[in-house]
Amino acid sequence: MNIVPVWNQVTPELKAELLDMWQRNNTLRDPAMAAVRAGQAVCIARDGDGKVIAVGTAVLRVLPRLRQPMYYYRQFFSQELRGRAKAVPFFERAKEILERHNAALSAPESLGVLLELENPQLAARYNMAQGDLTTFIGYSPRGLQLRVSYFRDATLLPPRDPPRRAGVPAARRRTSVS
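What you are looking at is a predicted structure, and each value in this text was computed from that prediction instead of being measured.

*Asks:* Run through the nonpolar core, naming residues and quoting values.
*Replies:* The nonpolar side chains of soluble globular proteins are, as a tendency, buried together. Membership of the largest hydrophobic core comes to 19 residues, with the highest contact counts inside it found for W7, V42, A58, Y73, F90, L98 and V113. Elements supplying a minimum of two residues to this core: β2 (41–46), β3 (52–62), β4 (69–77), α3 (87–104) and β5 (112–117). The element contributing the most residues to this core is α3, with 5 residues. Counting 13 residues, the second largest nonpolar core, distinct from the first, contains M21, L28, I44 and V52.

*Asks:* Account for unusual backbone geometry, naming residues and giving values.
*Replies:* For N8, which is not glycine, the phi dihedral falls at a positive 60°. By the secondary structure assignment, N8 is in the loop between β1 (2–5) and α1 (12–24). Its identity as a non-glycine residue notwithstanding, N26 has a phi of 55°, on the positive side. Position of N26 relative to the elements: it lies in the loop between α1 and α2 (31–38).

*Asks:* Just give me the short version of the side chain of Q145, but keep the residues and values in it.
*Replies:* Positionally, Q145 belongs in strand β7 (residues 145–150). A distance of 2.8 Å separates the side chain of Q145 from the side chain of R147, its partner in a polar contact. Look past the residues within four positions of Q145 in its chain and what remains in contact with it is L115, E116, L117, A123, Y126, F136, G138 and Y139.

*Asks:* Would you mind going over the pattern of salt bridges in detail, with residue names and values included?
*Replies:* What the rule picks out here adds up to 9 salt bridges. R46 is the salt-bridge partner of E17, the closest N and O atoms lying 2.7 Å from each other. In this pair, E17 sits in helix α1 while R46 sits in strand β2, placing the two residues 29 residues apart along the sequence. Using a relative accessible area of 28% as the deciding quantity, one classes E17 as partly exposed. By relative accessible area, which is 23% here, R46 ends up partly exposed. The partner of R93 in a salt bridge is E96, and the shortest N-O contact between them spans 2.7 Å. In this pair, R93 and E96 are both assigned in helix α3, 3 residues apart and thus about one turn of the helix distant. Relative accessible area serves as the criterion here: at 37%, E96 is assigned to the partly exposed category.

The rules behind these values
- Here, residues in each chain are numbered from 1, in the same order as that chain's written sequence.
- Note on the predicted model: pLDDT of at least 70 is required for a residue's local features to be given, and 80 or more for side-chain atom pairs to be given and counted; whole-chain, interface and lining totals, by contrast, use all residues.
- Side-chain numbers here rest on the full set of heavy atoms in the structure, without hydrogens or water.
- Nonpolar cores were defined as sets of buried Ala, Val, Leu, Ile, Met, Phe, Trp, Tyr and Cys residues, with membership established by side-chain atoms within 4.5 Å.
- Whether a residue is buried, partly exposed or exposed follows from its accessible area with a 1.4 Å probe, protein chains only, as a fraction of its type maximum: under 20%, in between, or over 50%, in that order.
- The secondary structure listing takes helices from DSSP runs of H or I that are at least 4 residues long and strands from runs of E that are at least 2 residues long, numbered from the N terminus.
- Polar contact criterion, stated in full: a pair of N or O atoms within 3.5 Å, where within protein one must be able to donate a hydrogen and the other to accept it, and residues adjacent in sequence count only if both atoms are side-chain atoms.
- Two residues qualify as a contact provided that any one of their heavy atoms is within 4.5 Å of a heavy atom in the partner residue.
- Whenever Lys or Arg places a side-chain nitrogen within 4 Å of a carboxyl oxygen from Asp or Glu, that contact is recorded as a salt bridge.

Structural data, given as structure tokens:
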């Protein structure tokens, strides 16, 4: 598996390849949502024929409880790549790309990477509060494990409030990850 960094370098051609991969795997069926997600690609993996078979995506989010910006990270593997012990090395490479990007900024924009474990097998496997790569911080509103992986030497930034949603009082505001 060849992992290729693409953070902030997603071309229209790569976007089309990602949409094709998601369509082949019967996921992200909403073309508008898939196009947005493709633009958030951090890294991809290609098979021996050059076909995209994996993608890691990230978007900056502020969790209400943390009040700190984190890269909310998602990872998707095509069916042919699943079950081959590639999830951790792929995540490590994506984190490295994001950490290097963040360190190159004049001021850091994130403390690290936030994961919401959707895969039940991964959630069962990573059941330690403090793992080698991530730290458990609670559960999402969907009942899924939330884990963070902080960047080296990350220091707290001034507390931020999550973006406000029009028409929703602050006391009732929820985000997909809290």
